[in-house]
Structure formats: C-alpha cells, structure tokens
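# Overview (structure and organization)
Each chain is listed here by its residues.
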Amino acid sequence: MTGPSDDRHSFRDVGPVQSLRTPSFEFAEVTRHADLAEHDRRLDELARRAHTAPVADRLLELSAVAPDTLQEMSLVIGDDGEDLLEDGRANAHAGEYGTALELLTEYLRGSPGHQEARYLRAFCMYRLDGQDRVEALRVLRPLRDEPMEDGLREQVRELRRELRRLLTPLEVGAYARTARSDPGSALERAEAFLELAPEEGSLSCLVALGQARGGALDKALETATRGAAEADVDREQVSTLARRLLLPYLRPAAASAVAAFKARNPRLARAELSRMEPRWRRSAVIEDFDAYLALCVTDWAGTSPPAPRLPDDRADDVYSLIAEADGQSAAALMQAGLADAAEQVLARILPLVPGFCWLNFLYAACLLRLGRDPERAAACAEIAGSDATIAQAGELLEAIRGWQEATVINPAVEEYVDAMKSVSGGVSPDGLARLRTRLTVLERGLPAIRAAALTEQGRQVVRELEKAIGQRLAEVGDAMVVAELYDRYDAAMAPVQGGLTDAAAADRLARSLDDLAARIKDKRRAAGKGTGQDQFEKLAELVSMRRAELDRVRAGLLVSDLVRRFNELVQPRPSDPYTLRTKLSGIREEARTLRRNHKKTLAARETELLDELLATISKVLG
C-alpha cells in the first residue's frame with residue numbers, strides 16, 4: 001500500500017494571448033501644398049468630378065436681338081455683306097446651323113471684328129453635334145473682354161459657360177491620362193485650354209500646381225494669381241493656392257517681423273511689417289499677419305498666443321509664414337535620423353503656432369519615432385488630421401493609436417504570460433494562491449485596459465486576454481479545491497506510510513477514502529464543466545485505486561488474523577474441548593464468509609491459505 005501522493009495541478013494550453021503589434025509608420029511628408037502630392041490629389045479630385053458630372057447638353061437657344069442693336073453691332077459694309085449676315089442670322093435662328101456657319105464664316109472674312117457674327121458662328125459650332133467646340137470657345141475668348149451691348153454680352157457669357165461645362169471635364173481627363181507619363185505635353189495642353197477658359201478656378205489650380213511641380217514657381221504664382229482674379233468657378237480654391245505660392249517670396253521679406261514674433265514681441269513685429277516694400281505689404285497673407293499681431297498685442301498672456309481670428313486656410317497661411325522654415329528643418333533632421341534634434345526644434349516653435357496642422361503632424365511623427373508621450377502625439381495627430389492636404393495624417397493617427405493602446409495592453413498581456421509561465425511545471429497550493437492573486441489584479445484592471453483599446457486589433461487582443469483570465473481564474477478556483485482534496489488524501493494516507501498492520505487501521509482508512517470520494521463527487525458536480533474537471537477525475541481515479549488496493553490489503557489482513565487466531569487456539573491444545581470447538585466453528589464461519597465475499601480482492605496465495613485453513617478446521621472438528 002503506497003502513501004501520500006506527489007501529484008499537483010498543471011495547466012493545459014488554452015491558446016496563447018498575443019501582444020498587440022503596433023502599425024508601422026514611415027515618415028515621408030516633407031514639403032507642403034504646391035508639391036507632387038497636392039498636385040496628384042487635386043488631379044484625382046478633378047478627375048472624379050469630371051467623371052460624375054452630367055454630360056447632356058443644355059442645347060441653348062438663340063435669343064432675339066433688338067433691331068436697333070443690330071445696327072450698332074454691324075459694321076458699315078456693302079449690301080452683299082449685309083445679305084450674308086442676314087442670311088446667316090436667319091439660318092441660325094431656323095436651326096440650319098451648317099448653312100449658317102458657312103454664311104457667317106464668309107461674312108467674317110470681310111468683317112472679322114463683327115461681334116454678333118462671331119457669337120453666331122460660335123453658337124453654330126456648339127450646336128453641330130460637338131464639332132469644333134474648342135474652336136467655338138476660341139472664337140468667343142476675345143469677346144469676353146470686349147465692350148458690347150448687355151444683351152449680347154449675356155449671351156456670350158452663357159454660351160461660354162456651357163462650352164466650359166462640356167469641355168473642361170474632357171481636358172481634365174486628357175491631362176490625367178498623360179500627366180504622369182508625359183507631364184510636359186500634358187501641362188502644355190492644359191495651359192492652352194486655360195487661356196480659353198480662365199474662369200475655371202480648379203483648372204487654374206491644377207495648372208499652377210503642375211508648373212510648381214516642374215520648378216516654375218514664378219509661372220505658377222502668375223497662373224494662380226490670374227486665376228484668383230478671373231475665376232468664376234472655385235475662386236476660393238485658386239485664391240488659397242495663390243496665397244500659398246506667394247509665401248516663399250514673402251518669407252524673406254517678412255523675416256524681421258517673424259523674428260520679433262518668435263521673440264514674443266508682437267508690437268515690434270508690427271513695426272517691422274510697416275517697413276516692408278508696398279508690393280509685399282499689400283498681400284493678403286501679410287495683412288492677415290498684421291491683424292493677428294494686433295490681436296497678440298492685446299491678448300497674448302500665456303505661453304501660447306491666441307488663435308488667429310481667421311478662416312482655417314488663411315490662418316494656416318499665417319502659421320506657414322511664421323514656422324514653415326522651422327518645420328522644413330525639423331523634417332530634414334527626421335529624415336536624416338536625428339529625431340531628438342528635430343523634437344527640440346519642434347518643441348520650441350510649436351507653442352507659438354499651436355494650431356499649425358503641418359507642424360503638429362511633424363511633432364506627432366517625431367514623438368512616435370522617439371516613443372515618447374503618446375497622449376501628446378495623439379492630440380497633435382488629431383489636429384493634423386483636419387488638414388486634407390497632409391496625405392499621411394490618417395496613417396500617422398492610426399499608428400499612434402496603436403502605440404497608445406499597446407503601452408497599456410501589452411504590459412497586461414506580458415504579466416498574464418509571465419504569471420502562467422510561473423506555473424508551467426506544476427504548482428503547489430501556495431503557488432495557486434499566488435497565481436490567483438496575480439490574475440485577480442489583472443481582472444480588476446480590465447476596464448481600464450478595455451478603455452485603452454482604440455482599434456479593432458486592440459479590442460480583439462483585450463477580448464482574448466479577458467477570456468483567458470476568466471478561464472484561468474475558473475481553473476485556479478477548481479485547482480484550489482482539488483488541492484484541498486489532495487491535502488485530505490495526503491492526511492488520510494500519512495498513517496500508512498509504513499504499511500497497514502491490522503484490519504482496524506484498514507477500516508479507518510477505508511472510511512477516510514470513502515468520505516473523500518464523496519467529497520470529490522460533490523465538488524466535481526459543483527465545478528460544472530470547467531477546465532479543472534480533468535484534475536477532479538485524476539484525483540477520483542487515484543482514490544478509487546487506493547480504495548481497491550485497500551480492499552485487497554484488508555482481505556489479506558483478515559486472512560492473516562484468522563490464521564493467527566487458529567494457531568493460538570491449537571497451540572497448546574486447550575483443556576476445554578467444548579470451548580475449542582465453539583471458537584473453531586466461529587473461525588470457520590468467518591473464513592467461509594471472507595472466502596465468499598472477497599473472491600475478487602483475495603490474492604491467490606491468500607485464497608490458498610484460506611482454503612487450507614478451512615480444510616484444517618473441518619478436519620479438527622470431524
């Protein structure tokens with residue numbers, strides 16, 4: 001009969017909990033606005049707009065022109081010329097556009113400046129199923145700037161508007177198809193069309209950006225400035241671009257004023273602005289900067305100046321005037337691998353321009369690379385995200401959010417993994433108590449960990465961690481119950497370390513094991529179908545095995561006891577035969593009962609010995 005068990009609880013693998021992997025981020029944003037990224041973004045935007053724009057012609061109708069006006073519009077030429085004009089006008093009004101076009105073309109050879117004839121010729125080109133519409137726009141282009149009667153001017157404007165609506169998407173599409181493979185030819189064609197349609201502000205933006213991308217900054221500024229003055233579609237866009245293209249010229253002119261602002265002396269900065277050359281001083285950006293300085297003179301009380309009271313794009317231009325150069329320096333340092341130096345530059349200038357989206361983007365990227373202050377980095381990235389021209393802002397914010405949640409989630413995952421490693425080789429009751437304490441502390445921290453999960457990946461890791469902790473705690477609870485039962489088993493088996501010597505001891509052990517088996521059954525039922533069921537089963541099997549072994553040992557002890565009692569009776573032979581017979585009969589009856597009731601538990605030698613005993617007693621009793 002063996003003694004106490006050395007079995008202890010061990011945990012099965014339930015699937016590892018992985019640490020959160022943060023998204024990678026490669027910083028690439030150096031220049032701003034009039035660069036390749038802005039050009040391509042604007043091109044994609046215009047291409048999408050062109051693709052979804054309605055294509056059906058409005059089919060403008062000719063309006064009647066007052067007879068007294070015709071005389072003013074007509075040149076004094078011969079009767080034959082007037083007949084051509086009258087016939088051309090009549091055919092145009094009758095819808096005979098091909099005939100009218102021939103007559104009007106012939107008439108204009110002799111009277112090339114006649115305004116109504118030029119308009120009618122362009123209108124016929126427009127109505128001839130799309131033929132020569134670019135030429136129609138070219139015919140109308142000089143009329144846009146010539147003085148004329150109001151009625152005709154309105155008709156010219158309306159026809160030009162319709163031609164632009166039809167032709168601009170086609171030109172943008174042609175530009176988009178060739179801008180990347182042959183940018184020179186694509187830009188040349190777009191410039192030519194812009195000459196015919198200077199009212200198209202978005203096209204002015206695209207051409208100016210293409211010119212800037214090619215290094216022709218002066219030409220780009222001229223295009224954008226002209227577009228801002230002449231556009232009647234998307235004028236605000238081209239005006240914004242014109243201001244930004246002007247900034248490289250304004251920065252050296254405003255350098256002394258910017259230096260005074262950085263020295264936190266807005267009053268001196270205003271004085272420096274007043275000494276600028278008039279051509280720069282009158283620019284919109286400098287006027288906005290001066291208004292901002294005036295605000296700072298009265299409202300700058302803390303570390304950071306007040307926010308400019310300007311629309312976002314104009315405020316961004318003022319910020320760019322102040323801090324663009326610092327941002328470019330910091331970006332260059334970051335690309336050279338000198339993130340610490342870049343952080344120092346940005347930390348010094350950002351408090352002066354806290355709303356500058358691009359500088360916030362740079363600072364957030366810098367903090368991410370350095371692994372510092374994730375909360376500040378996230379706040380800066382969110383500010384940067386409000387500027388649609390910063391192409392990497394969304395990607396940066398995603399990486400920072402992953403970093404933020406990893407700083408909270410990964411330590412919890414690592415603590416869980418470490419706790420489970422501590423019991424990988426099996427665990428004692430004291431070890432189970434320590435493990436339960438560690439897991440309970442982790443469980444209490446789960447609400448904060450869940451709140452820190454900002455991405456779906458983070459939320460998935462938290463769900464896996466929460467499930468694993470719950471499973472482990474349930475298993476630890478079962479394991480601690482099993483451990484207590486093991487302690488009871490060890491206590492019951494301790495007295496038999498040297499083996500059983502009598503049936504009474506065997507009976508006491510049998511009662512202890514039977515009581516333990518009942519407890520195991522109750523605890524196992526209460527535990528349900530948790531992960532500790534195998535431990536209950538293992539202990540139950542051990543107790544059952546010991547109980548069966550005890551039955552065999554007890555049966556052997558009973559046999560030995562009967563043999564001992566027989567030997568004590570017959571040696572020496574008792575003087576009272578009646579008493580001898582009575583006791584031998586009692587031993588024989590016990591032996592028969594033992595033989596009958598313990599067939600399965602008696603060993604072969606014990607069965608043989610018992611049979612010999614029965615035979616001997618029967619012989620003695622006759």
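Residues numbered from 1 in each chain as written. Predicted model: local features only at pLDDT ≥ 70, side-chain atom pairs only at ≥ 80, totals over all residues. Heavy atoms only, no water.

## A closer look at the overall build of the chain
Assigned secondary structure in the chain consists of 27 helices and zero strands. Considering the chain as a whole, with its 622 residues, one finds that 45% of them fall into the buried category. Of the contacts made within the chain by residues no fewer than 6 positions apart, 72% connect residues no fewer than 24 positions apart. For the chain, the accessible surface area stands at approximately 31,000 Å², while carbon and sulfur atoms represent 51% of it. (Helix = DSSP H or I, 4+ residues; strand = E, 2+ residues; numbered from the N terminus. Buried < 20%, exposed > 50% of the residue type's maximum accessible area, 1.4 Å probe, protein only. Contact = heavy atoms within 4.5 Å. Areas by Shrake-Rupley, 256 points an atom, 1.4 Å probe, with all protein chains shown as cover.)

## Describing the packing of aromatic side chains
Tallied over the entire structure, the rule returns eight aromatic pairs. Between Phe 261 and Trp 300, the ring centres sit 5.3 Å apart and the planes meet at 40°, which makes this aromatic pair tilted. Placement of Phe 261 in helix H12 (residues 255-262) and of Trp 300 in the loop between helix H15 (284-299) and helix H16 (312-335) is noted, with a sequence separation of 39 residues between them. By relative accessible area, Phe 261 is classed as buried at 0%. Among the aromatic residues, ring-to-ring pairing joins Tyr 97, Tyr 119, Phe 123 and Tyr 126 into one connected group. (Phe/Tyr/Trp six-rings, centres within 6.5 Å; stacked < 30°, edge-to-face > 60°.)

## Some points on the pattern of salt bridges
Side chains bearing opposite charge may pair, as long as their charged atoms lie close to each other. The final tally for this structure, using the stated rule, is 46 salt bridges. Residue Arg 138 pairs with Glu 135 through a salt bridge whose shortest N-O separation is 2.9 Å. Taken together, the positions of Arg 138 and Glu 135, both in helix H6 (residues 133-145) and three residues apart, correspond to about one turn of that helix. A relative accessible area of 40% places Arg 138 in the partly exposed class. We note a salt bridge from Asp 317 to Arg 243, for which the minimum N-O separation is 2.8 Å. Linking Asp 317 in helix H16 with Arg 243 in helix H11 (residues 235-253), this pair joins segments that are 74 residues apart in sequence. The burial state of Asp 317 is the same as that of Arg 243; both residues are buried. (Salt bridge = Lys/Arg side-chain N within 4 Å of Asp/Glu carboxyl O.)

## Describing the confidence of the model for the chain
The pLDDT averaged across the chain works out to 82; a share of 86% of its residues lies at or above 70. Here residues 65-79 is a poorly scored stretch, pLDDT under 50, and it has 21 contacts once near neighbours within four places are set aside; other chains count. (pLDDT = per-residue confidence, 0-100.)

## Considering the packing of helix H9 (residues 201-213) against helix H10 (residues 217-230)
Each packed pair of helices is defined by two parameters, the angle between the axes and the distance between the axes. Orientation of H9 relative to H10, taken along the N-to-C sense of each, is 170°, at an axis distance of 7 Å. Considering the angle they form, H9 stands roughly antiparallel to H10. The residues of H10 that touch H9, namely those facing Ser 204, Val 207, Ala 208, Gln 211 and Ala 212, are Leu 217, Lys 219, Ala 220, Thr 223, Ala 224 and Gly 227. (Axes fitted to C-alpha atoms, helices over the stretch in contact; angles between N-to-C directions. Parallel < 35°, antiparallel > 145°, perpendicular 65-115°, else oblique.)

## Some points on helix H13 (residues 266-274)
Buried within H13 are the following residues: Pro 266, Ala 269 and Leu 273. Viewed along the axis of H13, the buried residues span an arc of 50°, placing them on a single side of the element. Opposite the buried face of H13, by more than 90 degrees, sit the exposed residues Arg 267 and Ser 274. On the buried face of H13, the contacting elements are H12, helix H14 (278-281) and H15. (Arc of directions from axis to C-beta.)

## Some thoughts on the side chain of Arg 133
Topologically, Arg 133 is positioned in helix H6. Here the side chain of Arg 133 touches Tyr 126 through a polar contact of 3.1 Å, landing on its backbone oxygen. (Polar contact = N/O pair within 3.5 Å; in protein donor to acceptor, adjacent residues only side chain to side chain.)

## Side note on helix H21 (residues 429-444)
Since there are 3.6 residues in each turn of an α-helix, residues three or four apart along the chain are aligned in direction. Taking 1.5 Å of rise per residue, 16 residues should cover 22 Å, and H21 covers 23 Å from first to last C-alpha, within 8% of that figure. Within H21 the residues assigned to the buried category are Gly 431, Leu 432, Leu 435, Leu 439 and Leu 442. An end-on view of H21 places all buried positions within 95° of arc, on one side of the element. Structural note: H21 exposes Asp 430, Arg 434, Val 441 and Arg 444 on the side pointing more than 90 degrees away from its buried face. On the buried face of H21, the contacting elements are helix H20 (393-421), helix H22 (446-452) and helix H23 (456-493). (Expected span 1.5 Å × (residues − 1).)

## Considerations on the environment of Ala 190
Looking at where Ala 190 falls in the secondary structure, it is placed in helix H8 (residues 183-196). Here Ala 190 falls in the buried class, since its relative accessible area comes to 6%. Ignoring anything within four residues of it in the chain, the contact list for Ala 190 reads Tyr 175 and Val 207.

## A short note on unusual backbone geometry
The backbone phi angle of Asp 234 is positive, close to 60°, even though this residue is not glycine. Here Asp 234 is to be found in the loop between H10 and H11. In this model, Arg 264 sits at a positive phi of 65°, which is unusual for a non-glycine residue. Mapped onto the secondary structure, Arg 264 falls in the loop between H12 and H13.

## Looking at the packing of H21 against H23
In the contact formed by H21 and H23, the axes pass within 10 Å of each other and the chain directions differ by 155°. By the angle between their axes, H21 is roughly antiparallel relative to H23. Of the two elements, H21 crosses H23, and the hand of that crossing is left-handed. Contacts between H21 and H23 involve Pro 429, Leu 432, Ala 433, Leu 435, Arg 436, Leu 439, Thr 440, Leu 442 and Glu 443 from the former and Ile 469, Arg 472, Leu 473, Val 476, Ala 479, Met 480 and Ala 483 from the latter. (Left-handed = near helix turned anticlockwise from the far one by under 90°.)

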